[in-house]
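Results of the structural survey
For reference, the chains in residue letters:
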Amino acid sequence: MKVVVWMVVFVLMIFSEIALAAPLLHTHRPANNSYTTGGTILISINITDDNLNTSSAVARIIELGAYQLGEQWTTHPLSCSGSSPEWNCSTNFVTSTIGSDTVELFYFQANDTDGITGYDGTVSSPLRFTIDRAPPLVVFLNPTNGTYVSGNESLLMNVSDASAGVNGSTVQYSTDGSSWTAMVFSSNGFTAGWNTSAFSNNQTVTLTVRTSDNVGNTVLSNATVMVDNELPQVNVSNLTGTLIGNAQLQANVSDGYSGVDLSNVKYSVEGLSGTLGCTGTNYSATCSAVLNTAGLLDGNHTITFNVTDNVFAYVNCNL
């Protein structure tokens, strides 16, 4: 008789422990440490329990700054579907009322019919997702807006995104808004080559870069540039006959598009070199310098004038 009693007590203890098991909350959405573009977000949790009180399932959400200030969590009741022991409980979280992109903390809670509570995340160790509605930022390093381009340009862009990060495979450029060329990441930024020879001199071109971040926010950024594939012109005067002593060098320089770099008009002859001083405008100027011929041997010499425009196209003139 004593053996039977002990067996009954043992069986009751087993069933009591099973009944006291908390609901198992797992496989939440959104994923922890994920990013979202906002809008309406599905908040959901899978729950395993034979005796789930479906009306008790809730998500609690708070913005990171409010959490740090000790403010109250907002409670969002979940609607549950399925049947024992597997349930999916969810609600829609609307982010349009949130003024700025934020980090949102959240956790889930549910009871079984005996009042035993299960959690996924907790108040002290919550899950989190980030609302990221801002597209990447594109900065034109070369060329910059309003400048001239020439020849084979090496495009260089700084592309950044503070939240979800840049999707590097989406960085492209276009000169017509319809055909796109991929840009490649380097240590300095995103680069690509562009041959400007297909465009006319002084033609204005809108250079467009498009890219997306890792949650799909997309941006188109533009820079307006002008084409200058014409070399600057140089005409040299006052160099007839024999040069003796301090010889005056003079050159008329011009460029009809980006203009001459007047600080970079130079001459060289047999190891002697110097910079010509210029008067006039970048588009037409007279430049001169004094050459001390004492440093040269008697005989014929070639004097080279180097003239550069403001997109670094240059011409050499030999006399």
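First, a word on scope: everything that follows refers to the structure included in this document.

Basis of the calculations
- Residues numbered from 1 in each chain as written.
- Predicted model: local features only at pLDDT ≥ 70, side-chain atom pairs only at ≥ 80, totals over all residues.
- Heavy atoms only, no water.
- Patch = residues over 30% accessible without salt bridge, like charges linked within 9 Å, V, L, I, M, F, W, Y side chains within 5 Å.
- Areas by Shrake-Rupley, 256 points an atom, 1.4 Å probe, with all protein chains shown as cover.
- Salt bridge = Lys/Arg side-chain N within 4 Å of Asp/Glu carboxyl O.
- Helix = DSSP H or I, 4+ residues; strand = E, 2+ residues; numbered from the N terminus.
- Buried < 20%, exposed > 50% of the residue type's maximum accessible area, 1.4 Å probe, protein only.
- Disulfide = S-S within 2.5 Å.
- Pairing = 2+ DSSP bridges.
- Axes fitted to C-alpha atoms, helices over the stretch in contact; angles between N-to-C directions.
- Phe/Tyr/Trp six-rings, centres within 6.5 Å; stacked < 30°, edge-to-face > 60°.
- Lys NZ or Arg CZ within 6 Å of the ring centre and 35° of its normal.

So, a nonpolar patch on the surface
Together, Leu137, Val139 and Leu141 give the surface a local cluster of nonpolar side chains, amounting to about 250 Å² of exposed area. Within the secondary structure, Val139 sits in strand β11 (residues 137-142). With a relative accessible area of 36%, Val139 lands in the partly exposed category.

Here we look at the state of the cysteines
Considering all chains together, one arrives at 2 disulfides under this definition. A disulfide bridge connects Cys80 with Cys89, and the sulfur atoms are separated by 2.0 Å. Negative torsions about the S-S bond denote left-handed disulfides, and the value of about 110 degrees found for Cys80 with Cys89 makes this one right-handed. The disulfide that involves Cys278 links it to Cys287, with 2.0 Å between the sulfurs. The chirality of the disulfide connecting Cys278 with Cys287 is right-handed, given an S-S dihedral of about 110 degrees. Take the cysteines of the protein chain that form disulfides and number them in order along the sequence; they join up as 1-2, 3-4.

So, the sheet that holds strand β7 (residues 86-94)
Spatially, the 4 strands line up as an open sheet ordered β1-β3-β7-β6, and their pairing is antiparallel. Edge positions in the sheet fall to β1 (24-29) and β6 (79-83), since each has one partner strand and no second. Here the strands of the sheet are splayed against their neighbours by 20 degrees on average, with no regard to which way each runs. The pairing of β6 with β7 spans 5 bridges and is antiparallel. Paired with Ser79 across the strands is Ser90, a residue of β7.

Observations regarding the pairing of strand β22 (residues 266-269)
Side chains Tyr267 and Val269 project from β22 onto a buried face, and the interleaved Lys266 and Ser268 project onto a face without burial. Pairing geometry for β22 and strand β23 (residues 272-275), over 4 bridges, is antiparallel. Residue pairing across strands places Val269 opposite Leu272, the latter belonging to β23. The antiparallel hairpin formed by β22 and β23 contains 2 residues in its connecting segment, where Glu270 sits at a positive phi of about 45 degrees. Here 3 bridges tie β22 to strand β26 (residues 304-308), and the two strands are oriented antiparallel to one another.

Section: the pattern of salt bridges
Across all of its chains, the model carries 1 salt bridge by this definition. Among the ionic pairs, Asp101 bridges to Arg133, the shortest N-O distance being 2.8 Å. Taken as a pair, Asp101 in the loop between β7 and β8 (103-111) and Arg133 in the loop between β10 (127-131) and β11 lie far apart in primary sequence, 32 residues in all. On the basis of relative accessible area, Asp101 is assigned to the partly exposed category, the value being 33%. Classification of Arg133 as partly exposed rests on a relative accessible area of 28%.

Description of the packing of aromatic side chains
For the structure shown, the criterion picks out 7 aromatic pairs. Ring geometry for Phe106 versus Phe108: centroids 5.8 Å apart, planes at 90 degrees, classification edge-to-face. With a relative accessible area of 0%, Phe106 lands in the buried category. By way of ring pairs, the aromatic residues Phe93, Phe106, Phe108 and Phe129 are connected into one cluster. Geometry around Trp180 places Arg210 over its ring, the cationic atom sitting 4.1 Å from the centre.

Observations concerning the sheet that holds strand β12 (residues 148-149)
The strand order β12-β19-β18-β14-β15 describes an open sheet built from 5 strands, whose pairing is mixed. The open sheet has two edge strands, β12 and β15 (181-182), and neither has a second partner. Strand direction decides the pairing type here: strand β14 (residues 172-174) and β15, joined by 2 bridges, are antiparallel. When the sheet's bridge partners are listed, Tyr173 is paired in β15 with Thr181.

Considerations on the pairing of β8
With respect to burial, β8 is a largely interior element, 8 of its 9 residues being buried. Sheet topology note: the strand β4 (residues 58-63)/β8 ladder contains 6 bridges and is antiparallel. The residue bridging Glu63 from the neighbouring strand is Glu104, located in β8. Looking at chain direction, β8 and β10 are connected through 4 bridges and run antiparallel. Within the sheet, the bridge partner assigned to Phe106 lies in β10 and is Leu127. Counting the residues that bridge the hairpin from β8 to strand β9 (residues 117-120) gives 5 residues, and of these Gly115 lies at a positive phi of roughly 85 degrees.

Thoughts on the environment of Val307
Summarising the element assignment, Val307 is placed in strand β26. Taking relative accessible area as the criterion, Val307 reaches 1% and is therefore assigned buried. When the C-alpha atoms of Val307 and Gln233 are compared, they prove to be 7.9 Å apart, with 74 residues separating the residues in sequence.

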